[in-house]
Amino acid sequence: MEWKLKKFDDLTSDELYGILKLRSEVFVVEQDCVYQDLDDKDQLSYHLFLENDGETVAVSRFIPENVSYEEMSIGRVVVKENFRGQGLSKIMMKKAIDFIVDDLGKSEIRLSGQAYLVDFYENLGFKKVSDVYMEDNIEHFEFLYCDGE
């Protein structure tokens, strides 16, 4: 398995297809949630993804400041169903945080996470900073990561 981190313009067409296919497979089909995944933010983002024998099995994106939030944000975090339970989400999030803090020099990261994942995000150093809200008929919270806290 190989982790890759690329800006949108550096993705091959096959890599982009794999990213979008996995996001659609999980967010639209598996979660039975009709929503507009293609939101004009991918072109501005870094994409971290894991390939296994040519198949994309984990994905996330890092959106620059002042696009979704004032801070940089991490979103579209997803792992293919048959690859879950192996700690890939935690590895991917740690890689994301390290890249944003160490390589990009940013100290704060905000994200919108599903409510059932509160412990997951808090164990990574994020703090819940909102009341629960509905996004695409799923309960969410906003979380904030501050480097050094």
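All values reported here derive from a predicted model rather than from experimental measurement. (Residues numbered from 1 in each chain as written. Predicted model: local features only at pLDDT ≥ 70, side-chain atom pairs only at ≥ 80, totals over all residues. Heavy atoms only, no water.)

Q: Sorry if this is basic, but what is going on with helix 2 (residues 88-103) here?
A: An α-helical turn contains 3.6 residues, so a residue and the one three or four places further along point in the same direction. The end-to-end C-alpha separation of helix 2 is 21 Å, in line with the 22 Å expected for 16 residues at 1.5 Å each. All buried positions along helix 2 are accounted for by Leu88, Met92, Met93, Ala96, Ile97, Phe99, Ile100 and Val101. Phi turns positive, to about 70°, at Gly105, one or two residues after helix 2. (Helix = DSSP H or I, 4+ residues; strand = E, 2+ residues; numbered from the N terminus. Expected span 1.5 Å × (residues − 1). Buried < 20%, exposed > 50% of the residue type's maximum accessible area, 1.4 Å probe, protein only.)

Q: Please explain helix 1 (residues 13-30) as it appears in this structure.
A: Taking 1.5 Å per residue, 18 residues should reach 26 Å; helix 1 reaches 24 Å between its end C-alpha atoms and fits that length. Along helix 1, the sharpest kink reaches roughly 25°, centred on Ser24. Glu15, Gly18, Ile19, Leu22, Arg23, Val26 and Phe27 are the residues of helix 1 that are buried. Lining the buried residues of helix 1 we find strand 1 (2-7), strand 2 (46-52), strand 3 (55-63) and strand 4 (72-79). Within two residues after helix 1, Asp32 carries a phi angle of roughly 50°, on the positive side. (Bend = angle between axes of the 7 residues up to and from the residue. Contact = heavy atoms within 4.5 Å.)

Q: What am I meant to see in unusual backbone geometry here?
A: Among all residues save glycine, negative phi is the norm, and among peptide bonds the norm is trans. Even without being a glycine, Asp53 presents a positive backbone phi close to 50°. A positive phi is found at Arg76, a non-glycine position, where the angle reads about 50°. With respect to the helices and strands, Arg76 occurs in strand 4.

Q: How should I be thinking about the pattern of salt bridges in this particular structure?
A: Opposite charge on two side chains makes pairing possible when the charged atoms of those side chains draw close. Enumeration over the complete set of coordinates arrives at 13 salt bridges. For the salt bridge of Lys106 with Glu65, the shortest nitrogen-to-oxygen distance reads 3.1 Å. Remark: Glu65 occurs in the loop between strand 3 and strand 4 and Lys106 occurs in the loop between helix 2 and strand 5 (108-114); sequence separation between them is 41 residues. (Salt bridge = Lys/Arg side-chain N within 4 Å of Asp/Glu carboxyl O.)

Q: Could you clarify how one ought to interpret the layout of surface pockets in this entry?
A: Rolled over the atoms, a probe as big as a water molecule pinpoints where empty space is left. By volume, the largest pocket is sized at about 870 Å³. Lining the largest pocket are 37 residues, with Phe27, Arg76, Val77, Ser112 and Gln114 positioned closest to its centre. Of all elements in the fold, only helix 1, strand 3, strand 4, helix 2, strand 5, helix 3 (118-123) and strand 8 (138-146) reach the threshold of two or more residues within the lining of the largest pocket. When residues in the lining of the largest pocket are grouped by element, the largest group, seven residues, is from strand 4. Residue classes in the lining of the largest pocket are distributed as 17 nonpolar, eleven polar and nine charged. (1 Å grid on protein atoms, 1.4 Å probe; cavity = no way out; pocket = protein on both sides within 12 Å on 5 of 7 lines; lining within 4 Å. Points joined across faces, edges and corners; volume = space filled by probe spheres on them. Nonpolar A, V, L, I, M, F, W, Y, C, P; charged D, E, K, R; others polar.)

Q: Mind showing me how you'd approach the pairing of strand 8 here?
A: In summary, the side chains of a regular strand alternate between the two faces of the sheet. Note that strand 5 and strand 8 share seven bridges and pair antiparallel. Counted as the bridge partner of Arg110 is Leu144 from strand 8. Pairing analysis gives three bridges linking strand 6 (residues 126-128) to strand 8, with the strands arranged antiparallel. Across the sheet, Phe126 pairs through a bridge with Tyr145, a residue of strand 8. Connecting strand 7 (residues 133-135) to the antiparallel partner strand 8 that follows it, the hairpin turn spans two residues, and Asp136 within it adopts a positive phi of roughly 55°. (Pairing = 2+ DSSP bridges.)

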